[in-house]
Amino acid sequence: MALPIPDGASYFPNMSPWLILAVPLLIAAFLLYRGQVRKRRRQALLAAPLTHEQRAVVERLVPLVKRLPGDLQIALEGKVNLMLDQVTFRGYNGVEVTEEMRLSIAAQACLLIVNSPAWYDTLRNVLIYPSAFLAGHETHDGTFVHQHSHGTLGESWARGPVVLSWDDALHGGLNMHDGHNVVIHEFAHQLDALSGHTDGIPILRDGQAYAGWEKAMLDAYHHQVDRLERGERTLIDPYGATNHEEFFAEAIVTFFEKPHDLCREEPALYAQLAKLLALDPAQWT
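Computed from a predicted model, the values in this text were never measured in an experiment.

Peer 1: What exactly am I supposed to notice about the layout of surface pockets here?
Peer 2: Considering only enclosed or pocket space, the second largest pocket measures out at about 270 Å³ in volume. Forming the boundary of the second largest pocket are R38, R41, R42, L45, L82, D85, Q86, W119, D121 and R124. For the lining of the second largest pocket, a count of residues per class yields three nonpolar, one polar and six charged.

Set out below in structure tokens:
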């Protein structure tokens, strides 16, 4: 049976007031120390190069990285190291995750933020299926909830995970000119989601006006829709006409894989993406 504490009595009658004050200070000091340790670890990873063997794997599986200017190649390696430290890659349906898989996916994902302060802060898991997989979603007709499933090559959830077909992730990295890249597409959604919404409006760079971004994106999106309605072929994958967020993701794929064509056909869109990512792939040799 618990005894009541008399009025005015302390729960800790023998504890010094200085000790009571010291406890929260110690906790704050510990949290500050842990934050500094994490910051130093992050800085060390960003400054560390890949090993010779890792670099060879990345250049073989993602040849686009060889077109990066030298300073960006160094930055990419550091961000790949950071991603490999932060993210767990999990295989499903018989997939055994290899170092080559991790390096290929991380290198493609880090292309988007290689020259940007943005980072995939909340991403902790990448799930890898051997090929196209079934993804489920629900719809509500006002009375019943309906379950649907469809085959897909990738998925991106706002705070993670990213889900990928390895067959398509591998092919996307190997072929840097076909305008299809599931890793870049899904990580464009991750970049988009950093604003709090996946809607084709990412966090813009300092000095990048929303009005200019909106006009360039909407004009290019409507050009895409109009061409498809006329039965014409489009530079940006037709899937981009689904909605604004899918257009954003497919536009970024085209920005990396067909930069000269995008710069010629949609110069305002190219300029906005170049400013957002602080990259100009049309100038890479």
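Next comes the rest of the description.
Peer 1: Looking at this structure, how should I read the nonpolar core?
Peer 2: Within soluble globular proteins, side chains that are nonpolar generally end up buried alongside one another. In terms of nonpolar packing, the biggest core is built from 71 residues, with I105, V126, F187 and F256 touching the most fellow members. If sequence neighbours within four positions are ignored, F187 has contacts with M83, I105, A109, L112, Y120, L123, V126 and V162. The next biggest cluster of nonpolar side chains, apart from the first, holds five residues, and it includes L127, Y129, A135 and V163.

Peer 1: How do you make sense of unusual backbone geometry when you look at a structure like this?
Peer 2: Negative phi characterises most residues that are not glycine, and trans characterises most peptide bonds. In this chain, G160 is followed by P161 through a cis amide linkage whose omega measures 5°. The phi dihedral of A278 is positive, around 55°, even though this residue is not glycine. Classification of A278 by relative accessible area gives partly exposed; the value is 28%.

Peer 1: Is there a simple way to explain the pairing of strand β2 (residues 125–129) in this structure?
Peer 2: Across a regular strand the side chains alternate sides, sitting on one face of the sheet and then on the other. Taking burial as the measure, the five residues of β2 include four buried ones, the bulk of the element. Relative to β2, strand β1 (residues 88–91) runs parallel, the two sharing four bridges. Bridge pairing in β2 places T88 opposite N125. As for the winding sense of the linkage, the β-α-β connection from β1 through helix α4 (residues 99–111) to β2 is left-handed. When β2 meets strand β6 (residues 162–165), the two strands line up parallel, connected through four bridges. Its bridge partner lying in β6, I128 is registered against L164.

Peer 1: Please clarify how the packing of aromatic side chains should be interpreted in this entry.
Peer 2: In this description, an aromatic ring pair is defined by two values, namely the gap between the centres and the angle between the planes. Counted by the stated rule, this structure contains eight aromatic pairs. Aromatic side chains F255 and F256 sit 5.5 Å apart centroid to centroid with 85° between the ring planes, which places their arrangement in the edge-to-face category. A connected cluster of aromatic rings, assembled from ring pairs, spans Y92, Y129 and F133.

Peer 1: Explanation requested: helix α8 (residues 244–257) in the structure shown.
Peer 2: Owing to its 3.6 residues per turn, the α-helix brings residues three or four apart onto one side. Here α8 is 14 residues long and its end C-alpha atoms lie 20 Å apart, about the 20 Å a rise of 1.5 Å per residue gives. Listing the buried residues of α8 in full gives E246, F247, F248, A249, E250, A251, I252, V253, T254, F255, F256 and E257. N-capping of α8 is provided by N243, with a side-chain oxygen placed 3.3 Å from the backbone N of E245.

Peer 1: Got a minute to help me understand the environment of H185 in this structure?
Peer 2: Inspection of the secondary structure puts H185 in helix α6 (residues 182–193). A residue is classified by how much of its surface remains accessible, and H185, at 6% relative accessible area, is buried. Sequence spacing of H185 and V253 is 68 residues, and the spatial spacing of their C-alpha atoms is 6.2 Å. Of note is the side chain of H185, whose polar atom sits 2.9 Å from the side chain of E250.

Peer 1: So what exactly am I meant to see when it comes to the pattern of salt bridges here?
Peer 2: Across all of its chains, the model carries eight salt bridges by this definition. Note that D85 and R41 form a salt bridge whose closest N and O atoms lie 2.4 Å from each other. Remark: R41 occurs in helix α1 (residues 17–47) and D85 occurs in helix α3 (residues 70–86); sequence separation between them is 44 residues. Residues R264 and D261 are paired through a salt bridge, measuring 3.1 Å at the closest nitrogen-oxygen approach.

Peer 1: Mind showing me how you'd approach the pairing of β6 here?
Peer 2: Side-chain alternation along β6 places V162 and L164 on one buried face and V163 and S165 on a second face that is also buried. The sheet contact formed by strand β5 (residues 154–156) and β6 spans three bridges and is antiparallel. Residue pairing in the sheet places E155 in a bridge with V163 of β6. Taking the residues between adjacent antiparallel strands as the criterion, β5 and β6 are bridged by five residues, where G160 takes a positive phi near 85°.

Peer 1: Just to check I follow, could you spell out the packing of α4 against α6 for this structure?
Peer 2: Relative placement of two packed helices is described by the angle separating their axes and the distance separating the axes. With their axes 8 Å apart at the nearest point, α4 and α6 run at an angle of 55° to one another. The angle between the axes of α4 and α6 places the two elements in the oblique class. Crossing hand, α4 versus α6: right-handed. Here I105, Q108, A109 and L111 of α4 come into contact with α6, specifically with V183, I184 and F187.

Peer 1: What's the story with empty space enclosed by the protein in this structure? I'm lost.
Peer 2: It is a probe the size of a water molecule, rolled over the atoms, that shows where empty space is left. Considering all chains together, one arrives at four cavities of 30 Å³ or more under this definition. As a volume, the largest cavity reaches approximately 90 Å³. Contributions of two or more residues to the lining of the largest cavity are made by α2 (52–61) and α3. When residues in the lining of the largest cavity are grouped by element, the largest group, four residues, is from α3. Within the lining of the largest cavity, the residues separate by chemical class into five nonpolar, one polar and three charged. The calculated volume of the second largest cavity comes to roughly 60 Å³. Around the second largest cavity, the lining residues are A220, Q224, R227, T234, L235, I236, F247, L262, E265 and E266.

The rules we used
- Residues numbered from 1 in each chain as written.
- Predicted model: local features only at pLDDT ≥ 70, side-chain atom pairs only at ≥ 80, totals over all residues.
- Heavy atoms only, no water.
- 1 Å grid on protein atoms, 1.4 Å probe; cavity = no way out; pocket = protein on both sides within 12 Å on 5 of 7 lines; lining within 4 Å.
- Points joined across faces, edges and corners; volume = space filled by probe spheres on them.
- Nonpolar A, V, L, I, M, F, W, Y, C, P; charged D, E, K, R; others polar.
- Core = buried A, V, L, I, M, F, W, Y, C linked by side-chain atoms within 4.5 Å.
- Buried < 20%, exposed > 50% of the residue type's maximum accessible area, 1.4 Å probe, protein only.
- Contact = heavy atoms within 4.5 Å.
- Helix = DSSP H or I, 4+ residues; strand = E, 2+ residues; numbered from the N terminus.
- Pairing = 2+ DSSP bridges.
- Right-handed = clockwise from strand over helix to strand, strands pointing away.
- Phe/Tyr/Trp six-rings, centres within 6.5 Å; stacked < 30°, edge-to-face > 60°.
- Expected span 1.5 Å × (residues − 1).
- Polar contact = N/O pair within 3.5 Å; in protein donor to acceptor, adjacent residues only side chain to side chain.
- Salt bridge = Lys/Arg side-chain N within 4 Å of Asp/Glu carboxyl O.
- Axes fitted to C-alpha atoms, helices over the stretch in contact; angles between N-to-C directions.
- Parallel < 35°, antiparallel > 145°, perpendicular 65-115°, else oblique.
- Left-handed = near helix turned anticlockwise from the far one by under 90°.

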